[in-house]
Amino acid sequence: MSSANEKIENGKWKVKIEDIDNEGILEFDFDDNIKELEDCHVSAELEFRAMGDFIEVKGNVEGKITLECDRCLNKFNYDLDFNIDETFAKNSLLDEYGQELELNNGQFITDLNGAEDIDVYDLLYQSVILALPNKRVCGINCNEGFFVSESDIKSHDSRMDVFKNIEIDKK
């Protein structure tokens, strides 16, 4: 098992498919910011495994990202901790499967179409996006930025007093 980290131009990280094929199993450590996301730092330990016409990528990703709360619009830190389990096809699968077919769980494969390397940066960017929660809330006690204080209770609108005397017929 070998380790290869190669940071190339523009802060992009790539692993050469030839290196994976030669080693059989290649370990890759990533520790960098994902610049397209606000305040996102990611550390990942990945393992690339050659499997004939396929490459399997497994590993763990941890980090922090700054998100904006959907309720109160305040910024908050969100901890990332998820696993990656991806399969890449070295050559196009379109030739083998000319017609449409339904994919089941565990059958999603990314086509590399004869590329010479795998863009780890892009893989991690996409994985982080998919790992983010659909509803981004800063905390369980977020009240959309409105917190009732004792002064709010004392200073009420006198026009609302009319509602204090309403009787509701409960049948």
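Going by the structure above, here's the rest.
Every value quoted in this text rests on a predicted model; they were computed, and no experiment measured them.

A.B. asks: Which parts of the structure should I look at to understand unusual backbone geometry?
C.D. replies: Leaving glycine out, the prevailing phi sign among residues is negative, and the prevailing peptide bond configuration is trans. One non-glycine residue, aspartate 39, lies in positive phi territory at about 45°. Its location among the elements puts aspartate 39 in the loop between β3 (25-33) and β4 (40-51). On the basis of relative accessibility, which here comes to 55%, the residue aspartate 39 falls in the exposed class. Even without glycine at this site, leucine 73 takes up a positive phi of about 70°. Within the secondary structure, leucine 73 sits in the loop between β5 (54-68) and β6 (75-89). A relative accessible area of 54% places leucine 73 in the exposed class.

A.B. asks: How should I be thinking about the pairing of β6 in this particular structure?
C.D. replies: The side chains of a regular strand alternate between both faces of the sheet. Two strands pair when backbone bridges link them, and β5 and β6 are joined in this way by 15 bridges, in the antiparallel orientation. By the bridge assignment, lysine 64 is partnered in β6 with aspartate 79. Sheet analysis places β6 next to strand β7 (residues 110-111), joined by 2 bridges and oriented parallel. When the bridges of β7 are listed, alanine 89 appears paired with aspartate 111.

Parameters and conventions
- Residues numbered from 1 in each chain as written.
- Predicted model: local features only at pLDDT ≥ 70, side-chain atom pairs only at ≥ 80, totals over all residues.
- Heavy atoms only, no water.
- Helix = DSSP H or I, 4+ residues; strand = E, 2+ residues; numbered from the N terminus.
- Buried < 20%, exposed > 50% of the residue type's maximum accessible area, 1.4 Å probe, protein only.
- Pairing = 2+ DSSP bridges.

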